[in-house]
Structure formats: structure tokens, C-alpha cells
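Listed below, chain by chain, are the residues.
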Amino acid sequence: SQAKTAIGGAGVFVGGGARPVFDRCHFEDNLAQSGGAGVCVAENATPVFLNSVFAGNTTVGSSDHHGAAAFAWNGHPEFTGCLFHGNASSGNQDVFACINGCRGVVSSSTIAQHRKQALGAWGGGEIQVRNSVIAGEASPLYAGPVFFRHSLVAGGTLDGNGNVAGDPLFATPQWPRRPNAFSLR
């Protein structure tokens, strides 16, 4: 998807208890004035995103918790095998904000190339991260109830469950927006 502007969910808005599956989709270069330029999930929707790319999405506006790639308000998204990179928010989270009862899952995914916190859960929200790599320029890379299992979080210190803190040693990309630019050395 590639939308110019929207209030939230410029790439796609999922609500009303919907349960769609998005496989091998690209949510790129979307602009929203509030949560989720790439994806906005609400109203107990439970979408699944498989092997998809979220790149270059931007949110602008006055809200603190934007989640430029994805935003969930009482929705329950799952991201598996996804790549998130180059997303930017005027709020706190460049990648995924999960609030007001949201239960989000990120598994076997890579989150890289962002300047602010990647993940944030607020107001009863919670994010489970499994078997994933999280890297970026911000410190800390996450806020609120975000739970990691068997993941690498660059520069972080994580307790238990097979987590590793350190540099993922990404290969230097030749083109900044090339999806395979985040291969490991």
C-alpha cells in the first residue's frame, strides 16, 4: 500500500472484530496524522501479518503514542516474519504502539533503522516479542509491558528466556530501503 495521508491506518485500517490475514504485503511510504501510518488495528480486531514489510511510514501530530508502522487500540495484531525499517513518528514509538487493552505479538521479525523507541505498550496494552531482532538508535528501545523470549535487543539488558543483548551485526546496506539490506554478517 502507499497512501498519501489519513487520520490513522493510511495503509490499512482493521476494526470491528475482523480477522484478516495479510501475507507478503508491503506497507510503505504512508503518512498519517495519528496512530499507525502503515496499519491501525482497533475494536477487538485480530489481524495476522505474515512475511510483510513495513518501511518508510510516518506519523505526524500531537499524540504521544503513534506507532508509525503499526498502532493498536484494543486490537490484537500478530506480526510473524516481518521486517520493519525506516519508520518515523512525531510521537514516542517509531514502529509499534499498543494501547488500551491491546495484546500484540511480534515473532521471528526484524525491527531496525529507527531513531525513537521501537515498541511501546500503554494503558493496559502488552506486547510479546519472540525470536526477533530489535535494533535502532534509541535508548531504551521499548517502553511499558513488552516481554521478550529468545530475542536479540541491541544495547539492551534483558532477563531470562534465552534473550541476548548486543549488536546484531547487520551487513552494511547498499541501498537503504532494500528489504534484504538487514542480512547478518
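Residues numbered from 1 in each chain as written. Predicted model: local features only at pLDDT ≥ 70, side-chain atom pairs only at ≥ 80, totals over all residues. Heavy atoms only, no water.

Draft legend 1. Looking closely at the pairing of strand 20 (residues 146-149). Along strand 20, the buried face is formed by Val146 and Phe148; none of Phe147 and Arg149, which line the opposite face, is buried. With four bridges connecting them, strand 17 (residues 126-130) and strand 20 associate as parallel partners. Following the sheet pairing, Val129 is matched in strand 20 by Phe148. (Buried < 20%, exposed > 50% of the residue type's maximum accessible area, 1.4 Å probe, protein only. Helix = DSSP H or I, 4+ residues; strand = E, 2+ residues; numbered from the N terminus. Pairing = 2+ DSSP bridges.)

Draft legend 2. Region of the structure containing the pattern of salt bridges. Tallied over the full model, the rule gives one salt bridge. Note that Asp23 is salt-bridged to Arg24, the shortest N-O span being 3.4 Å. (Salt bridge = Lys/Arg side-chain N within 4 Å of Asp/Glu carboxyl O.)

Draft legend 3. Structural context of the packing of aromatic side chains. Applying the stated criterion to the full structure yields 11 aromatic pairs. Ring geometry for Phe27 against Phe54: centres 4.9 Å apart, planes inclined by 15 degrees, an arrangement best described as stacked. Here Phe27 is found in strand 3 (residues 26-28), whereas its partner Phe54 is found in strand 7 (residues 53-55), with 27 residues between them in sequence. We note that Phe27, like Phe54, is buried. Aromatic side chains Phe79 and Phe84 sit 5.5 Å apart centroid to centroid with 75 degrees between the ring planes, which places their arrangement in the edge-to-face category. Using a relative accessible area of 1% as the deciding quantity, one classes Phe84 as buried. Taken together, the ring pairs connect Phe22, Phe27, Phe49, Phe54, Phe79, Phe84 and Phe96 into an aromatic cluster. (Phe/Tyr/Trp six-rings, centres within 6.5 Å; stacked < 30°, edge-to-face > 60°.)

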